[in-house]
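# Structural features, examined
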Amino acid sequence: MEKRYTAGELARWAGVSARTIRFYEEKGILRPRERSAEGYRLYDDSAILRLQEILMLKYVGLSLEEIQHALGQGEELSAARLLERQRELVLEERRRLDRILEVIEQAQRHCREGQLPVSRFAEIMQLVTKNQQASFRYGLYERYGTSGQRWHEWLFEHLLLEPGMRVLDVGCGHGNVWHSSWQRIPAGCSITLLDKEIKGLEFLRGIYRERRGELAAGVNLSFLCEDAERWECPAERYDLILAGHFWSYIQDKERLLGHLHRGLAEGGRLISTFTSQVSVRDVNRILEPVLGRRVLEPYEERKQAFIARMEGLFAEEFGRVSRTTFHNSLRIGHPEELLRYLCDLDGELEMRIKSREQEVRRYLQELIRQGETPEIGTEGHCYCCE
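The notes below deal with the structure included here. All figures in this text were calculated on a predicted structure; none of them were measured in a lab.

Moving on to the overall build of the protein chain. On a plain count of helices and strands, the protein chain comes out with 15 helices and 11 strands. For the protein chain, the residues scored as buried account for 49% of the 386 residues in total. A separation threshold of at least 6 residues defines the contact pool for the protein chain, and within that pool the share at least 24 residues apart is 76%.

Here's what the structure looks like:
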């Protein structure tokens, strides 16, 4: 008789939680073969292969909805989509590494000129750390995120683009919102991508050259290497300005916000986003039993103060401001990854965890071993200013 596996055995084989197995079953992409006399779900070898497919597709960046679609199609289509998403991830990683390489080369030039580039060395360290954290968190959301949609796809939908719109993306970074929804950009749209990092713009130019034929008729992308805070008022007026995830780096927020407002055409909109907020309640629920105290209060206070300030600035500058929220959560089924994620949230929290690291590690290992993988909610806000 073919071997049967319980949900717990299947979860241990794959390195995920039993809750994850139940979640996939609820979504209809992983089904038990039968039930035992006691009512336990039992899986066969085909479930192991299917779970391997799911985890591989999730690892390379497909959303739950895309995985459901891919598994319902032929092997050729699934493989093509898998390779395309893998390519996107590798290109994004290459862009971050190119920026680090550029700073290292600048530091080397300083050395050859006999100058001690202490500031350059500090920047290199910051970039390397930021790159590692960004890659780590991105991978966690791809593997353990419970939302059926990726943030950039959700944001693209909330831009409410129409054919022929003139769009400015300020601080565009590596343009995930665009190349993740490349074929959905309406015909005739003119999109200006502005960023002070030339490497990021070169990365986007490369995508534009390679995939221009996939765009709708008349869609045009242009690239502008400028520091948003020093940029002169644009001669052109835009129907939509996107300012995403960069306000914490801006010194004079009031000036730049007014500057962007003046760049809008009549009836135009400013869409602005902030980095995601982690549920402090969920983090406390995980760590309070082992640390004996609530954590992240300073983190919460800083986040709320920042949001309140930005909302006040939006309200002062614009007549109408609305907010929508993207809800997601993480179910990290690997103790070491969960431990690292918690440490990366906040410097003070990291020190508390490190002071009792072995105890916290054993506690997390036991939670996950018992199939009680903790869930950590996150929220990302999108503001529409008119």
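Moving on, we get to the nonpolar core. In this structure, Leu159, Trp178, Leu193 and Leu221 are the most contacted members of the largest nonpolar core, which totals 32 residues. Put simply, the parts of the chain that give this core at least two residues each are helix 7 (151-158), helix 8 (176-179), strand 5 (190-195), helix 9 (198-211), strand 6 (220-225), strand 7 (238-244) and strand 11 (375-385). When residues of this core are assigned to their parent elements, the largest contribution, five residues, is made by helix 9. Residues Tyr144, Val283, Leu338 and Ile368 belong to the second largest nonpolar core, which totals 27 residues.

The next subject is the packing of helix 10 (residues 253-262) against helix 12 (residues 297-317). Closest axis-to-axis distance for the helix 10/helix 12 pair is 10 Å, and the angle between their directions is 40°. Regarding the angle of helix 10 to helix 12, the classification is oblique. The way helix 10 lies across helix 12 gives a crossing that is right-handed. Side by side, helix 10 and helix 12 meet where Lys253, Glu254, Leu257, Gly258 and His261 of the first sit next to Phe306, Arg309, Met310, Leu313, Phe314 and Glu317 of the second. Its residues assigned to classes, the contact of helix 10 with helix 12 comprises five nonpolar, two polar and four charged.

Further remarks concern the pairing of strand 5. When you tally the buried positions in strand 5, you get five out of six residues, the bulk of the element. Sheet topology note: the strand 4 (residues 166-170)/strand 5 ladder contains five bridges and is parallel. Each bridged residue has a counterpart across the sheet, and for Val170 the counterpart in strand 5 is Leu194. Here strand 5 pairs with strand 6 via six bridges, running parallel. Directly across from Ile191, in strand 6, lies its bridge partner Leu221. As a crossover connection, the stretch from strand 5 through helix 9 into strand 6 is right-handed.

Residues Trp151, Glu153, Trp154, Leu155 and Phe156 constitute the buried set of helix 7. The first or second residue beyond helix 7 is Leu160, which carries a positive phi of 55°.

Taken as a whole and judged by the stated rule, the model has 19 salt bridges. One continuous salt-bridge network, built from bridges that share partners, spans Glu336, Lys354, Glu357 and Arg361.

This part covers the sheet that holds strand 2 (residues 34-35). In sheet architecture, strand pairing relies on hydrogen bonds along the backbone and comes in two forms, parallel and antiparallel. Here we have three strands laid out as an open sheet, ordered 1-3-2, and antiparallel in their pairing. Each edge of the open sheet carries a strand with a single partner, namely strand 1 (5-6) and strand 2.

What follows is about the packing of aromatic side chains. The tally for this structure, following the rule as stated, stands at 12 aromatic pairs. Judged by centre distance (5.7 Å) and plane angle (70°), the ring pair of Trp151 and Phe326 falls under edge-to-face. A residue pair is termed long-range when its members are at least 10 positions apart, and Trp151 in helix 7 and Phe326 in strand 10 (residues 321-331) qualify at 175 residues. Residue Phe326 is classed as buried on the basis of its relative accessible area, which comes to 7%. A network of ring pairs unites the aromatic residues Phe246, Trp247, Phe274, Phe306, Phe314 and Tyr383 as a single cluster.

Rules used throughout
- Residues numbered from 1 in each chain as written.
- Predicted model: local features only at pLDDT ≥ 70, side-chain atom pairs only at ≥ 80, totals over all residues.
- Heavy atoms only, no water.
- Helix = DSSP H or I, 4+ residues; strand = E, 2+ residues; numbered from the N terminus.
- Buried < 20%, exposed > 50% of the residue type's maximum accessible area, 1.4 Å probe, protein only.
- Contact = heavy atoms within 4.5 Å.
- Core = buried A, V, L, I, M, F, W, Y, C linked by side-chain atoms within 4.5 Å.
- Axes fitted to C-alpha atoms, helices over the stretch in contact; angles between N-to-C directions.
- Parallel < 35°, antiparallel > 145°, perpendicular 65-115°, else oblique.
- Left-handed = near helix turned anticlockwise from the far one by under 90°.
- Nonpolar A, V, L, I, M, F, W, Y, C, P; charged D, E, K, R; others polar.
- Pairing = 2+ DSSP bridges.
- Right-handed = clockwise from strand over helix to strand, strands pointing away.
- Salt bridge = Lys/Arg side-chain N within 4 Å of Asp/Glu carboxyl O.
- Phe/Tyr/Trp six-rings, centres within 6.5 Å; stacked < 30°, edge-to-face > 60°.

Function-wise, these values are silent; they only describe arrangement.
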